[in-house]
Amino acid sequence: MKISKLELRNWRGFYKQQEINFSVDDKKPVTTIIGDNQTGKSDILRAIHWVLFDETPEHTNKPQDLINNFAEKEDKNASAKVSLEIITDDFKTYKITRILHTDLDKGGGPSEFSVSLLDHNSMTFKRQTVANEKRWINENILMHHLRHIFLFQGEVLSKAFDAGDSKQLKKSVENLTGSNYVNEASKMIDDFIDHKEIQQAKQQTTKNKDMKLRENIEKWEEEKKKILEKIAELEKDMELLTNERVEIMLKLRGSKNAELAAITAKVDSDNEQIRVLQSTLREIQEKKFNLIGDYGFGLFALESLKQFAERDEESKNKPEFLETIGTPIREKALQKLLDKETCICGRDLIDGEEPFERIKEEIAKTDSGAMATALRNIDSLANAEKIKAEVFKKSFPEIKKQYQDTEKRIEEIEFRLAENKDKMNSLSSSNFDERELNDRLTKINEQELPPITERLDDERMELRSINLNLASAKAKTPKGTAEISEIDRIIDSAGTLKDELNNFADNYEEKIATNLKEELQYLVEKYGTKGEVIEFDQDSFIPHLCSAATGERNPQSEGGANMKSIFFGSSLVKLTVSRKDDDPEWLEPGTTFPFVCDAPFSVLDGTNEGNAAEVVIGSGTQVILLVNTKAFMSDTGIEKKLQKLKKEGKRWFLSHHITGKQGSEVDSKHVLIGKDKYSAFIEDSDFEGSKAWEGKI
Amino acid sequence: MAKKRTGGLLSIPIRIDKEHDEIIGVLDAFGIFDDRNDIVFFAASVGFKLDEYAETKKHGFEGRAEQATVKNNLNKAQFLAFQKVKDKSILDDKNMSYKILCGFANGGLSILSDWYKDSETPEGFQNKILNEMYVLSTKK
């Protein structure tokens, strides 16, 4: 994976939009970013850290002040934006962007995160949906715990050496090995085992209850078996009797008494016909009597209803009161006048005279709304009942006739039946053998088969009941003992896995420590003072240089913490990048990432600067070196080493603009670096902030 | 403030004399009426036709007018009441209409009770009613 571009807008020291393109050429993997102190070198590393993880690394000065102050002065709504373009190992180009609208020290809220993917056809970035940014970064870009390895702050590590902060170093190594995950997994397995043990205890408690259910199931299964045996026996008996009956019937049919059989068949048929006809008769009777319910009211009231419906047209079409009046208040009021025999105006109303008669007429003329509705409904009723009466008049005689015909038919059949029964009796008394067979048949039908059928019904009923009990009990019973043994097995497996993880973490950490020591030893031998060996404190990763001859720590070497930090950091990167070849991928797949190296090169002497650059470049990945002018330019320093190794792909300068003059504090002289004139600070600008510009190699 | 009426038509009871409970039970057992309210309407038509009217004295069967009204039988009660009093104002008084309906029902149930007693069988009783109905349907 490589970083191809970084865009900064109003990010900390950088003013407005700045862009830095990095070298993605495998043969020239190094991009150097040159800038004096306070020009924004470390902010480059911080920007990459922030856009990926929404946080600034430890030891960041003013970590809440992320938006460029001059931009904020110009526009109080100014926002900071960082975009990082990354080319993955499978050649996808992602643009990862984070924007902060209000600075954190001014109560700013969460930043906005987005990811776009380059469409190679249109060469435009298309926005991707990312549900969980942290997970997406972990899966696609860089595991969170590896951030301090690839985004390397040499000064922080150097201080950890000086302070003897073994915890910090151990964390770095754990990050490298992934044993932090293993330890976390081990804890999770512990919790899992606890949970399973509780579950097992609960199962044990319910097991006792289950036992009772199981006993019942066994009991019912046993009973079911017995019932099935009984049913089989009864069915066998029944089959024997049925076979015997068939044989007798065949004998009777084939005998001389075929006539008897024929008459018997006729008797049976007549009996059946009578049964059917009687059922029909009952249905007709029911239909007939239902007429009373359906037509009774209408027919008894029919005459009056007809008269009502045929009343004179005048009375049918009387004017109505308005519905809003509702009740005959007007009539009542008029009636009151007549009762009092006084008009509203005070005049007397005299029966027989004109005003009195007119009022009477008026009262008679009007109907209330309710009256009119009732009259209309009664009219409808009368009309409906008239029609129904016609239906009744027609259907009643028909039904009555059906009833009588059916009765007659039954009588006829009954008469024929009686005749045939007489014949049957006379025929059946004529043959002794057949009488015996008939007797036997009667006995089978009436005495032997019915109890068997009855017992079969009872047994089958009992079987149904037991089957229901069984189904219910089985549904309530969990897989009981099987589950408990399954939990045992799971706990065993989890315990084994935990042991394996712990062993692995211990062994792997040891292996990494050995590898790290070997790598450091190699670097010391190649670049350090000859004859020294590297050693770690017990249970820690703080490296010490010791005399090979005496084994004593070299006090002078203790001052080289900065160099050691570069050795150490580069070794971590190298091991991380290379480990995929021989380490299990399930622990953590091999990761490559640009080595963004913000090392304190300037405190090293020229030789060590060159050596440090060579160490960093030798880490085997894309390198972004953040260096100051002095370290870059020294006679035996980084520039010379890069020229010699021919690994430098791109070179960028950082200049910081200020609005006034800084006097003697600012070295505003130009320096010539390669073919470029570089000024770290540019005075009397109309803004304050850093700018990045590309240099020539 | 006057109390708002919430009862009205829906709470009007249909009350039949207790002495008719037996014949109501007999008619109910035939299963030819939907419910006992239907029996009341049928009996009222018999009482109306044969001019037998008796106001309820001692409550026996009690129905509710709303059950009758649901089946749109209010017009039957109003018709009988109007025929009885020959005054349209009765159409505004639903309570009175149902009271008159019950009077005719009591009368009709007395007649039906006599027919039942005169019949040898329940079927005979029903045939008697049907024959009466048939005669009425064929009357010009």
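Keep in mind it's a predicted model, so treat the numbers as computed, not measured. Residue numbers run consecutively from 1 along every chain, following the written order of its sequence. A letter from A marks each chain and a number from 1 marks each ligand, given out in the order of writing. For a predicted model such as this one, the threshold for reporting local features is a pLDDT of at least 70, and the threshold for listing and counting side-chain atom pairs is 80 or more; totals across whole chains, interfaces and linings nevertheless cover every residue. Computation of side-chain values: all heavy atoms of the structure, hydrogens and water removed.

## Re the overall build of chain A
Step number 1: A run of DSSP states H or I qualifies as a helix once it reaches four residues; a run of E qualifies as a strand once it reaches two. Both are numbered from the N-terminal end. If you tally the helices and strands in chain A, you get 20 helices and 17 strands.
Step number 2: Each of the 697 residues in chain A was classed as buried or not, and the buried ones make up 44%.
Step number 3: Excluding contacts between residues fewer than 6 apart, the proportion of contacts in chain A whose partners are at least 24 apart in sequence is 73%.
Step number 4: The Shrake-Rupley method, run with a 1.4 Å probe, gives the accessible areas here. Residue values count only the displayed protein chains as cover. Per element, the accessible surface of chain A, about 38,300 Å² overall, is 50% carbon and sulfur. For every residue, the accessible area (1.4 Å probe, protein chains only) is compared with the maximum for its type, and the residue is labelled buried under 20%, exposed over 50%, or partly exposed between those bounds. Contacts are assigned to residue pairs that have any heavy atoms within 4.5 Å of one another.

## With respect to the sheet that holds strand β6 (residues 112–119) of chain A
All names here are of chain A.
Step number 1: Taken in spatial order, the 6 strands make up an open sheet running β2-β1-β4-β5-β6-β7, and their pairing is antiparallel. Each of the sheet's edge strands pairs with one partner strand only, and the pair in question is β2 (17–21) and β7 (124–128). For this sheet, the mean inter-axis angle between neighbouring strands, taken without regard to orientation, is 20 degrees.
Step number 2: What makes two strands pair is DSSP finding at least two bridges between them. Sheet topology places strand β5 (residues 93–100) next to β6; 6 bridges connect them, and they run antiparallel. Residue pairing in the sheet places I96 in a bridge with V115 of β6.
Step number 3: For every element, the axis is a line fit to its C-alpha atoms; helices are fit only across the contacting stretch, and the angle between N-to-C directions ranges from 0 to 180 degrees. The strands that helix α3 (residues 133–140) touches are β5 and β6; relative to β5, the one it contacts most, it runs at about 150 degrees.

## Examining the pattern of salt bridges
Residues and elements named next belong to chain A.
Step number 1: Just to be clear on terms, a salt bridge is a Lys or Arg side-chain nitrogen sitting within 4 Å of an Asp or Glu carboxyl oxygen. Within this structure, the stated rule accounts for 31 salt bridges over all chains.
Step number 2: In this structure, R416 and D270 form a salt bridge, with 2.5 Å as the shortest nitrogen-oxygen distance. Remark: D270 occurs in helix α8 (residues 258–300) and R416 occurs in helix α13 (residues 369–428); sequence separation between them is 146 residues.
Step number 3: Close ionic contact of E412 with R409 constitutes a salt bridge, the shortest N to O distance being 3.4 Å. With E412 and R409 both in helix α13 and 3 residues apart, this pair spans about one turn of that helix.
Step number 4: The exposure class assigned to E412 is partly exposed, which follows from its relative accessible area of 43%.

## A look at the confidence of the model for chain B
Caution is warranted with low-pLDDT regions, since their predicted coordinates should not be read in detail.
Residue and element names in this part refer to chain B.
Step number 1: Here pLDDT means the predictor's own confidence in every residue, given as a number from 0 to 100. Residue-level pLDDT values for chain B average 84, and 87% of them are 70 or greater.
Step number 2: Contacts for the low-pLDDT stretch residues 1–10, under 50 throughout, to residues beyond four places or in other chains number 6 contacts.
Step number 3: If you check the scores for this complex, the pTM reads 0.50 and the ipTM reads 0.88.

## With respect to helix α9 (residues 302–309) of chain A
Step number 1: Among the residues making up α9(A), those that are buried are A:L302, A:S304, A:L305, A:F308 and A:A309. Viewed end-on, α9(A) has its buried residues packed into an arc of 165 degrees, placing them on one side of the element. Directions pointing from the helix axis toward each C-beta atom define the arc.

## Here we look at the packing of aromatic side chains
In this description, an aromatic ring pair is defined by two values, namely the gap between the centres and the angle between the planes.
Step number 1: Side-chain rings of Phe, Tyr and Trp (the six-membered ring for Trp) are treated as a pair once their centres are within 6.5 Å; stacked means planes under 30 degrees apart, edge-to-face means over 60, and tilted covers the remaining angles. Evaluation of the coordinates by the stated rule reveals 22 aromatic pairs over all chains.
Step number 2: Ring geometry for A:Y94 against A:W136: centres 5.0 Å apart, planes inclined by 90 degrees, an arrangement best described as edge-to-face. Note that A:Y94 is positioned in strand β5 and A:W136 in helix α3, a separation of 42 residues in sequence.
Step number 3: Given the relative accessible area of 13%, A:W136 is considered buried.
Step number 4: Ring geometry for B:F48 versus B:F104: centroids 5.5 Å apart, planes at 90 degrees, classification edge-to-face. With B:F48 in helix α2 (residues 36–49) and B:F104 in helix α5 (residues 94–118), this pair connects stretches of sequence that are 56 residues apart. Both residues of the pair, B:F48 and B:F104, belong to the buried class.
Step number 5: Within the aromatic cluster, the residues linked to one another by ring pairs are A:F308, B:F48, B:Y53, B:F79, B:F82 and B:F104.
Step number 6: A cation over a ring is seen here: B:K76 above A:F297, with NZ or CZ 4.8 Å from the ring centre.
Step number 7: The criterion is that NZ of a Lys, or CZ of an Arg, lies within 6 Å of the ring centre and within 35 degrees of the ring normal, and then a charge sits over that ring. Above the face of the B:W115 ring, B:K128 is positioned so that its terminal group lies 5.0 Å from the ring centre.

## Some details on the interface of chain A and chain B
Step number 1: Every contact between the two is made by 39 residues of chain A and, on the other side, 34 residues of chain B.
Step number 2: Carbon and sulfur atoms make up 72% of the surface buried where chain A meets chain B, a total of about 3,200 Å² over both sides.
Step number 3: When two parts are put together, the accessible area they lose, computed with a 1.4 Å probe and summed over both, is reported as buried area. Contact with chain B buries area across many residues of chain A, yet A:I292, A:F297 and A:F300 alone supply 27% of it, more than any other trio.
Step number 4: Counting the contacts that link chain A with chain B gives 1 salt bridge.
Step number 5: Of the charged contacts, one joins B:K49 and A:E303 as a salt bridge, the two residues approaching to 2.6 Å between their closest N and O atoms.

## Digging into the pairing of strand β10 (residues 543–547) of chain A
Residue and element names in this part refer to chain A.
Step number 1: The buried count for β10 comes to 4 of 5 residues, which makes it a mostly enclosed element.
Step number 2: One ladder, built from 5 bridges, connects strand β9 (residues 532–536) with β10; its direction is antiparallel. Counted as the bridge partner of E535 is H544 from β10.

## With respect to the environment of B:G108
All names here are of chain B.
Step number 1: By the secondary structure assignment, G108 is in helix α5.
Step number 2: A relative accessible area of 0% places G108 in the buried class.
Step number 3: For G108, the residues in contact, after removing those within four places along its chain, are A43, V46, G47 and E52.

## Thoughts on the packing of helix α17 (residues 561–578) of chain A against helix α18 (residues 606–617) of chain A
A packed helix pair is summarised by two numbers, namely the angle formed by the two axes and the spacing between the axes.
Residues and elements named next belong to chain A.
Step number 1: For the pair α17 and α18, the least separation of the axes is 9 Å and the interaxial angle reads 10 degrees. Considering the angle they form, α17 stands roughly parallel to α18. For the pair α17 and α18, contact is made by M563, I566, F567 and S570 and by N608, N611, A612, V615 and V616, respectively.
Step number 2: Broken down by class, the residue content of the contact of α17 with α18 amounts to 6 nonpolar, 3 polar and no charged. If an angle is under 35 degrees, it is roughly parallel; if it is over 145, roughly antiparallel; if it lies from 65 to 115, roughly perpendicular; otherwise it is oblique. Charged means Asp, Glu, Lys or Arg here, nonpolar means Ala, Val, Leu, Ile, Met, Phe, Trp, Tyr, Cys or Pro, and polar covers whatever is left, Gly included.

## Looking at helix α4 (residues 74–85) of chain B
All names here are of chain B.
Step number 1: Multiplying 1.5 Å by the helix residue count minus one yields the expected span of that helix. With 12 residues, α4 ought to run about 16 Å at 1.5 Å a step, and its terminal C-alpha atoms sit 17 Å apart, in line with that.
Step number 2: Turning to α4, its buried residues number three or more, namely L74, N75, K76, A77, Q78, F79, L80, A81, F82 and Q83.
Step number 3: Downstream of α4 by one or two residues, K86 has phi in the positive range, about 55 degrees.

## Things to note about the nonpolar core
Step number 1: Among buried residues, those of type Ala, Val, Leu, Ile, Met, Phe, Trp, Tyr and Cys that are joined through side-chain atoms within 4.5 Å constitute a nonpolar core. Counting 95 residues, the largest nonpolar core has A:L52, A:I96, A:I141 and A:F601 as its most contacted members.
Step number 2: It is α17(A) that contributes the most residues to this core, 9 residues altogether.
Step number 3: Apart from residues lying up to four places away in sequence, A:I141 is in contact with A:M1, A:L52, A:I86, A:I96, A:W136 and A:F593.
Step number 4: Ranked by size, the runner-up nonpolar core spans 78 residues in total, among them A:V267, A:I413, B:F30 and B:F82.

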